[in-house]
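Chain by chain, the residues run as shown.
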Amino acid sequence: MFDSLSSKLTGAFSTLRSRGKITSSDIDATCSDIRAALLESDVALTVIEPFIETIREKSLAALPTLQSGTNQAQAIFEIVSAELVEILGGAARRVRFAKNPPTVIMLAGLQGAGKTTLAGKLAKFYADQGNTPLLVASDLQRPNAVNQLQIVGESVGVPVFAPEPGNGVGNPVKVAEQSLAYAKSKLYNMVIVDTAGRLGVDAELMQQAIDIRNAVKPDEILFVVDAMMGQDAVRTAKAFEDGVGFDGVVLTKLDGDARGGAALSIAKLTGKPIMFSSTGEKLTDFDIFYPDRMASRILGMGDVATLAEQAKKAFDGDATAKLEEKFARGDDFTLSDFLEQLEAMSKMGSMSKLLGMLPGAGAMKKQIENFDESEIIRTKSIVQSMTPLEREDPKVLNGSRRARIALGAGRKVQDVNSLVDKFTAAQKMMRQMRKGGGMPPAMAQSMGMPAGMGAGIGGHQHGAQKGQQPAKKKSKSGNPAKRAAQEQG
Ligand code: GDP
């Protein structure tokens, strides 16, 4: 997501940070680097010019108030960051719910923008929060659109109002109108209307959107736009703004990179907030758009807030509390705890997307892209092939046990050895950290970096490390549960 823009801006700041004392000509140079980076990413010139001017003025004003070059560079970075947040729309805005349900959300945009996919994503998002959405198939134009919405609805468990077959048959305005009465009678509290697009803006399309708007009086009209369209995204946004009008923008296909910068201009140029972003074809590849988090990503600072939120969602509160208690008691982190974490991580979605949210991810782009998503599944299968005793106390893992585990997991003995070695290292680290924070050991481990971030993401050197059993004496655990497991094993 905005990788090339991000790496250019990061480069501009590292040059600035290398200056001993920052002068006005350094500011000029940085401004021109930022300008070039934004231009290259296709951000609209009318947005860039005032942005650069503001940065220049504010930076020049800040210079004399600060002594060291480091502080000056940081102050300039913060100025750029704040201005970027401003361009992206300032504060995040949520959907306004109607006082009298149902809340009506109408999706508008060109064909292929991702409206139907988004309808499913929105339905899932709001259903997960306890709402009862109804999807409405008012795209009767695009071949297969009705059927696609039905499939999407089914996969997220949300009903679809589709009285017409589509493919050019049926009146989309009537469908939208009828859906409201239907939603009221069935007590759905939200109606999401999918509408038809065209390959380009045309009068007929706009009139249909206007008619649907007038028929259902939406609480929110969301303009859905493919961020990969380049400057056309801006032109289309303006055409929809002048035609049907809209309340908020949804950027789709932010998982791509090329020319995505144009989409960043939309909030500023239309004065309408970007409310959601879509980052892939899967129904979970979707989130609220937070201008500050996006600015942080663009500036190479990652998106730790989203990462933390996703982790919180995936890591069950009770299990986490139990783990914390365990550490507080001084008990060891075991492979059973590790397995629980791996399972939670699988719920968090694509690892490369998660890793992409870490600060400095831009510099590790290659490794992140090459991250082998199935590594977690393979690691899980190894731990799952262990007995409870082995999970509690990997020291019992002799050669024959390792061979049995490898066979059960369909892996090589070297893979088992490698996992046990990494786990032992992580366990050691956990002992040292104890109450310290940091990323879940499972995450660090599955990335092949037991001792912190630097060890190379995706560097799964199968068989590279020879598993060695530390020849330590076996002691009985002080923990009753653990002791019982030992005795059983
Ligand atoms: P509509 O014509 O506006 O309803 O567009 P669709 O919802 O049918 O989407 C068009 C294509 O884009 C489909 O193949 C979707 O799977 C794909 N798509 C939608 N959103 C995204 C996204 O965020 N990222 C990617 N990579 N593809 C997307």
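The notes below deal with the structure included here. (Residues numbered from 1 in each chain as written. Predicted model: local features only at pLDDT ≥ 70, side-chain atom pairs only at ≥ 80, totals over all residues. Heavy atoms only, no water.)

1. A word on the sheet that holds strand E5 (residues 220-226)
One key point about sheets: their strands pair by backbone hydrogen bonds, in either a parallel or an antiparallel sense. In spatial order, the strands read E3-E2-E4-E1-E5-E6-E7-E8; together these eight strands make up an open sheet with mixed pairing. The two strands at the open ends of the sheet, each matched to only one other strand, are strand E3 (160-161) and strand E8 (286-288). Of the strand pairs in this sheet, strand E1 (residues 103-108) and E5 are connected by four bridges, and their pairing is parallel. Bridge assignment links Ala108 to a residue of E5, and that residue is Phe223. Where helix H8 (residues 203-216) meets the sheet, it contacts E1, strand E2 (133-138), strand E4 (190-195) and E5, and its direction lies at approximately 180 degrees from that of E1. (Pairing = 2+ DSSP bridges. Helix = DSSP H or I, 4+ residues; strand = E, 2+ residues; numbered from the N terminus. Contact = heavy atoms within 4.5 Å. Axes fitted to C-alpha atoms, helices over the stretch in contact; angles between N-to-C directions.)

2. Here we look at the packing of aromatic side chains
All chains considered together, the criterion is met by 12 aromatic pairs. Relative to Phe246, the ring of Phe223 lies with its centre 4.9 Å away and its plane at 20 degrees, an arrangement referred to as stacked. Taken together, the residues Phe223 in strand E5 and Phe246 in the loop between helix H9 (231-242) and strand E6 (248-252) connect sequence positions 23 residues apart. The pair Phe223 / Phe246 is uniform in exposure class, with both members buried. Among the aromatic residues, those joined into a cluster by ring pairs are Phe97, Phe125, Tyr126, Phe276 and Phe286. Here the basic side chain of Lys272 rests over the ring of Phe246, its NZ or CZ set 5.9 Å away from the ring centre. When the ring centre of Tyr290 is taken as origin, the NZ or CZ atom of Arg293, which lies over that ring, is 3.7 Å away. (Phe/Tyr/Trp six-rings, centres within 6.5 Å; stacked < 30°, edge-to-face > 60°. Buried < 20%, exposed > 50% of the residue type's maximum accessible area, 1.4 Å probe, protein only. Lys NZ or Arg CZ within 6 Å of the ring centre and 35° of its normal.)

3. So, the environment of Val249
Following the sequence through the fold, Val249 ends up in strand E6. Taking C-alpha positions, Val249 is 4.8 Å from Phe223, a pair spaced 26 residues apart along the chain. Dropping the residues within four chain positions of it, Val249 is found in contact with Phe223, Val225, Ile266, Lys272, Pro273, Ile274, Met275 and Phe276.

4. Regarding the site of the ligand
By nearness alone, 16 residues border the ligand, and Gly112, Thr116, Thr117, Ser278 and Glu281 come closest of all. Interatomic distance of 2.7 Å between a backbone N/O atom of Gly112 and an oxygen atom of the ligand. Side-chain polar atom of Asp255 to a nitrogen atom of the ligand: 2.7 Å apart, as the coordinates give it. Considered on its own, the ligand offers 580 Å² of accessible surface; in the complex 81% of this is hidden by protein. When residues in the shell around the ligand are grouped by element, the largest group, three residues, is from helix H5 (residues 115-128). Classifying every residue of the shell around the ligand gives two nonpolar, nine polar and five charged. (Near = heavy atom within 4 Å. Polar contact = N/O pair within 3.5 Å; in protein donor to acceptor, adjacent residues only side chain to side chain. Areas by Shrake-Rupley, 256 points an atom, 1.4 Å probe, with all protein chains shown as cover. Nonpolar A, V, L, I, M, F, W, Y, C, P; charged D, E, K, R; others polar.)

5. What about the nonpolar core?
One broad trend across soluble globular proteins is that nonpolar side chains are buried collectively. With 99 residues, the main nonpolar core has Leu122 and Phe276 as its most contacted residues. Taken domain by domain, the makeup of this core includes at least three residues from each of domain 1 (3-87) and domain 2 (103-301). Apart from the residues within four sequence positions on either side, Leu122 is in contact with Ile105, Leu107, Ile192, Leu222, Phe276 and Phe286. Judged by nonpolar contacts, the second largest core, of 34 residues, contains Ile405, Leu419, Phe423 and Met430. (Core = buried A, V, L, I, M, F, W, Y, C linked by side-chain atoms within 4.5 Å. Domains from an automatic or database assignment.)

6. Some remarks on helix H2 (residues 24-40)
With 17 residues, H2 extends 24 Å from end C-alpha to end C-alpha; this agrees with the ideal 24 Å at 1.5 Å per step. Restricting attention to buried positions, one finds in H2 the residues Asp26, Ile27, Thr30, Cys31, Ile34, Ala37 and Leu38. For H2, the arc enclosing every buried residue in end-on projection is 135 degrees, short of the 170-degree limit, so these residues lie on one face. Positive phi appears at Asp42, one or two residues downstream of H2, with a value of about 80 degrees. (Expected span 1.5 Å × (residues − 1). Arc of directions from axis to C-beta.)

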